[in-house]
Structures are given as C-alpha cells and as structure tokens.
Amino acid sequence: MKLHGTMGIRDNTLYIGGVNTVDLAKKYDTPLYVFDEELIRNNCREYNKYFKVKENNNKIAYAGKAFLPKYMCTLIDEEGLYLDVVSGGELYTAYKANFPMKKILFHGNNKTIDEIKMGVDLGVGVFVVDNFYELDILESLCEEKNMIQDIYFRVTPGIDAHTHKYIKTGQIDSKFGFALTNGDFYMAVERLKKYKNVKLIGIHAHIGSQIFDVEPYEEEVDVMFNLVKKLKEDYDIEIKEVDFGGGIGVYYTESDKPKSIKEFCEGIINKCNEKCKEINIDMPTLILEPGRSLVANAGSTLYSIGSIKEIKDVRTYVSVDGGMTDNIRPSLYQAGYECAIVNKMNSEKSSHKVTIAGKCCESGDILISNTSILDIESKDILITTSTGAYGYSMASNYNKIPKNPVVFVNKGNDKLICKRQSYEELLSLEL
C-alpha cells in the first residue's frame, strides 16, 4: 500500500497526521473516514502556486461534489479558493459555513426553480448556465429583482477524454452543456440579445474525470480560446473568464500513473500562452475546478474485520463493518483501491489473496477483489486509502446503515467534523 501525505509507520502501526490510527478506531469506532488536513492544504497551495493565482489573477474553484462538509468550506476559504456547487444542498452548506457567496460558481444540468431562486437571493457570484430552460428562468427572476447576474455558458466541446463512460462529459453525447457542433451554443448566444438581466462573462467546459494526460486539456484550450475569439469578432462579446473544469487524475492503485499538480497546471498555462499569441487575443482569467485531486489521497477509511470465510479452491472473503454504503465507487465504476492492516504494517508474516467484502446484503458489495494482504484476523483494523473523494459525499443509508463520522487529523491532533449518524437520526424524517 502506498503511503500518502503525512502517513508514516511507527512500531508496526500506521499514523496519519501524527495520530495513531488504532487509537482513532478505538476513540471513534469504525467505520471511520480519516482526512489528512495538511495534505489537503498543501494541495490547495500547489494549485494556487502553479496555476499562477496571485501573478495572473487566475482562480482555483474547489469542486464541492467530491466532499463538502461545512469544515471543508472553511478550509478552502482560508486557502483562498473559490467553490463550485452543483445543488441547493451544497449551496446551503456553503451559506451556513459563511463561505463568501461571491466566490461561488453554481453548476448543474437541471437546477430547480427553487435552487435558482436560492442562488439569486443569496448573491451567488456566477451561474454556470447549462441549458435554455435555466437561461430563461434566470433572466425572468433577475428581471423581477431588477438586477444583473453574471453567467458562464457551459460548453460541450466535443472532446472525448478516455475515462470511464460514466465520468466523461466533454463529448457531444452528454447531458451537460450547450453543444458547439450542432449550433446550440450559438443559439444561446443569440438569445442573449433580447435578455438584459444576465451578462455572459465566461465560458466553461468539463471534459471528464480521472484524466492522467495533459493533452486533452491542451485540446480544450484550443477549442475554448477559438471560441473566445469568435465571440468577440462575430458577436462583440468579450469573454473575461475561461473555466476548464476539473478532472485531474489521482493515484488509487499501482496501475494509475498520474502527473503532479505542477505538471498539469504548467502544461495548461503554457498552452494558454501559446494559443493567445497564435490567435492574437488577450489572456482571460483562467479557472480550474479540482475536486478529487485535492482530497482523494488525503482521505482514508478505517474498518474492523469481522467474518473471514474461506471457500476452498475458490476465494477467501474478508468482511468489514462497512462497504458500498460508505464507498459506492467499486460497485458503480469498478474502481480499484489499496488496503493494509493498520496494526500490522511491518509484519513479516506471509501474505494471502483475499477479497474485501462489505456488509450489505448485495453480492456486488465488494470493496477490493483478489488483493494480497498479510495474515489477517477478526478484529484487526483495515484501512482503504484514497477514499477522500466521493466516499462520504456518495454515502447512503442502504440496508438502514447509519453514515460514518469524519475526523480530520493534523500535527498530532484529531478533530471530529461530522458525527456518526445514530439510529434515531436515521429515522428522524419518517412519520
């Protein structure tokens, strides 16, 4: 298992942020999400540094869908980031955390009327408009309030990044955005001529997730900057901001070979500089929206081992006290993870091939298939790493299983930021 961030081994035991993981499991029980706060903050600072936020007034907007408790809103605000939200619930979380509303980009392919009203009433900085339906509602609401709302148009650029079919979004066959190739984008631009209460200041595209190469982003720069030039020349619209979305890949298993934040940012910046010179346009403000790459490797999940079932000549199932309710990605995307026994990190005992199974009443509740692990016993504490993105945020109550707590660790201290859901809280909305 690869060690990330502040992970280290002392006396055969795994520590994160200077905190003993066995002690965390005893204090908070399992399953438990554990986040390395120092690693998250360092990732924020690397993005700010290499995307030239200070020098060029560029922006990093954290994609909140990856993981967004109130404490995360506070953290990214302290680190100078903007925030990308995709629902009323995410927006309300930011509001309750006192995150600056003007630093919010409101995404979503089907914002409800209530969500749009909430965004307008709270003073969201930018609506990323996805479709004609939303554009019409937003114009009407802003007209009633006699205000002008800044917007981006989400562009479907026709770029097919080579990722899982469920997480690639830049190709024309996508539920997101105005397509360029069929003329929808230009129809939306034409509609702006009769609208006085929305102002197009930027364009946005997102080509997919878990992308390991810079080249798709360089292709995106070509498409987006050509569009900036066309909008100026053909429509006299000056695009001040260009948002390239997120999607930068991270390490989950040995088969993943991600580039560094520095390599991605410098590659995109260099391509933008070249393209501006090539087509003779002024450099707009550039935005990136990292989510997974800020938090994935900073998060881990601790489980207690329960039953161990050896089926001779077939497989050994090692079952944990969590599963698809706290990490749906293996079932949904066939996502791979690494694991270890935190109380036996330097053991020299022999390893065995096992399958890590969850506790849900589903044959598909498998966290890791056919992984090698040292001698393992019931009551051992097992860790799966890189669960910081889309673990807690996609967690469910399937089988009436309460949601796990979240703990941040930093410099030898642990801080509970989300409580474990009780059975009473599980039933609190039922009449």
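Procedures and definitions
- Note on numbering: residues in each chain are counted from 1, in written sequence order.
- Only residues with pLDDT of at least 70 are given local features in this predicted model, and only at 80 or more are side-chain atom pairs given and counted; all residues enter the totals for whole chains, interfaces and linings.
- The basis for the side-chain values is all heavy atoms of the structure; hydrogens and waters are excluded.
- Starting at the N terminus, helices and strands are each numbered in turn, a helix being any DSSP run of H or I of at least four residues and a strand any DSSP run of E of at least two.
- Just to be clear, the radius of gyration here is over C-alpha atoms, and the globule rule we use is 2.2 Å times residues to the power 0.38.
- With a 1.4 Å probe rolled over the protein chains alone, any residue whose accessible area is under 20% of its type maximum counts as buried; one over 50% counts as exposed, and the rest are partly exposed.
- We call two residues in contact when some of their heavy atoms are within 4.5 Å.
- Neither His nor the chain ends contribute to the count of charged residues, in which Lys and Arg are positive and Asp and Glu negative.
- Taken as the charge centre is NZ of Lys, CZ of Arg, CG of Asp or CD of Glu, depending on the residue.
- Whenever Lys or Arg places a side-chain nitrogen within 4 Å of a carboxyl oxygen from Asp or Glu, that contact is recorded as a salt bridge.
- UniProt positions are given in the numbering used here, feature names are shortened, and annotations may be inferred rather than shown by experiment.
- N or O atoms within 3.5 Å of each other form a polar contact, as long as, within protein, one can give a hydrogen and the other can take it, and as long as residues adjacent in sequence are counted only when both atoms are side-chain atoms.
- Buried Ala, Val, Leu, Ile, Met, Phe, Trp, Tyr and Cys residues form a nonpolar core when they are joined through side-chain atoms within 4.5 Å.
- Bear in mind that the domain bounds are from an automatic or database domain assignment.
- Classification of ring pairs rests on two measures: the distance between centres of Phe, Tyr or Trp rings, Trp counted by its six-membered ring, which must be within 6.5 Å, and the angle between planes, read as stacked under 30 degrees, edge-to-face over 60 and tilted in between.
- By definition here, charges over rings are those cases where NZ of Lys or CZ of Arg is within 6 Å of the ring centre and within 35 degrees of the ring normal.

Student: Just checking my understanding: could you explain the overall build of the chain for this structure?
Tutor: Along the backbone of the chain there are 13 helices and 21 strands. Relative to the compact-globule value of 22 Å for 431 residues, the chain shows a C-alpha radius of gyration of 23 Å, a close match. The C-alpha extent of the chain, read off along each of the three principal axes, is 70 × 55 × 40 Å. A buried classification covers 56% of the 431 residues belonging to the chain. Within the chain, contacts between residues separated by at least 24 positions form 69% of all contacts whose residues are at least 6 apart in sequence. Taken together, the 53 basic and 62 acidic charged side chains of the chain have centroids lying 2 Å from each other.

Student: Looking at this structure, I do not really get the pattern of salt bridges. What am I missing?
Tutor: When the charged atoms of two side chains lie near each other, side chains of opposite charge can form a pair. Summed over the entire model, instances satisfying the criterion amount to 22 salt bridges. Arg 45 is the partner of Glu 79 in a salt bridge, and the nearest nitrogen-oxygen pair spans 2.8 Å. In this pair, Glu 79 sits in the loop between α4 (70-78) and β6 (82-85) while Arg 45 sits in helix α2 (residues 37-50), placing the two residues 34 residues apart along the sequence. Under the relative-accessibility criterion, Glu 79 is labelled buried at 10%. As a salt-bridge pair, Lys 271 and Asp 222 come within 3.5 Å of each other at their nearest N and O atoms. Highlighted residues: Lys 271 in helix α10 (residues 261-279) and Asp 222 in helix α9 (residues 215-235), separated in sequence by 49 residues. Since its relative accessible area comes to 16%, Lys 271 is described here as buried. A cluster of three or more residues bridged by salt bridges with shared partners is formed by Glu 37, Arg 41, Arg 45, Glu 78 and Glu 79.

Student: Even after reading the chapter, I still don't get the UniProt feature "modified residue: N6-(pyridoxal phosphate)lysine" (unreviewed entry) in the chain, so can you show me in this structure?
Tutor: Mapped onto this structure's residue numbering, the UniProt feature "modified residue: N6-(pyridoxal phosphate)lysine" (unreviewed entry) falls at Lys 65. Excluding anything up to four places from it in sequence, Lys 65 contacts Val 86, Glu 90, Tyr 390 and Ser 393.

Student: Any chance you could explain the UniProt feature "binding site: pyridoxal 5'-phosphate" (unreviewed entry) in the chain here in plain terms?
Tutor: The UniProt record marks Gly 247, Glu 289, Pro 290, Gly 291, Arg 292 and Tyr 390 with the feature "binding site: pyridoxal 5'-phosphate" (unreviewed entry), using the residue numbering of this structure. By secondary structure assignment, the location of Glu 289 is in the loop between β13 (285-288) and α11 (292-295). Given the relative accessible area of 5%, Glu 289 is considered buried. Excluding residues that lie within four positions of it along the chain, Glu 289 makes contacts with Ala 61, Ala 63, Asp 84, Leu 105, His 107, His 204, Asp 243, Gly 245 and Gly 246. Among the polar contacts listed, one links the side chain of Glu 289 to the side chain of His 107, at a separation of 2.8 Å. Mapped onto the fold, Arg 292 is located in helix α11.

Student: So what exactly am I meant to see when it comes to the nonpolar core here?
Tutor: Buried together is how nonpolar side chains tend to be arranged in soluble globular proteins. In terms of nonpolar packing, the biggest core is built from 109 residues, with Tyr 62, Phe 153 and Phe 225 touching the most fellow members. When residues in this core are grouped by element, the largest group, eight residues, is from α10. In this structure, this core is formed jointly by two domains, domain 1 (8-36 + 298-427) and domain 2 (107-289), each of which donates at least three residues. With near-sequence residues (within four places) excluded, Tyr 62 lies in contact with Phe 67, Leu 68, Met 72, Ile 76, Leu 81, Tyr 82, Leu 83, Asp 84, Pro 290, Gly 291, Leu 294 and Val 295. Formed by 18 residues, the second largest nonpolar core is a distinct cluster that contains Val 19, Leu 24, Tyr 28 and Val 34.

Student: Help me out: how do you make sense of the packing of aromatic side chains in this one?
Tutor: Describing an aromatic ring pair means giving the distance of the ring centres and the angle of the ring planes. On inspection of all chains with the given rule, the structure shows 16 aromatic pairs. Ring centres 5.3 Å apart and planes at 80 degrees place the aromatic pair Tyr 252 and Tyr 337 in the edge-to-face group. Here Tyr 252, found in the loop between β12 (241-243) and α10, pairs with Tyr 337, found in the loop between α12 (329-333) and β16 (339-341); they are 85 residues apart in sequence, far enough to count as distant. Neither Tyr 252 nor Tyr 337 differs from the other in exposure class; each is buried. Taken together, the ring pairs in this structure connect Tyr 33, Phe 35, Phe 67, Tyr 71, Tyr 392 and Phe 408 into an aromatic cluster. Cation over ring: Lys 2 sits above Tyr 251, and NZ or CZ is 4.5 Å from the ring centre.

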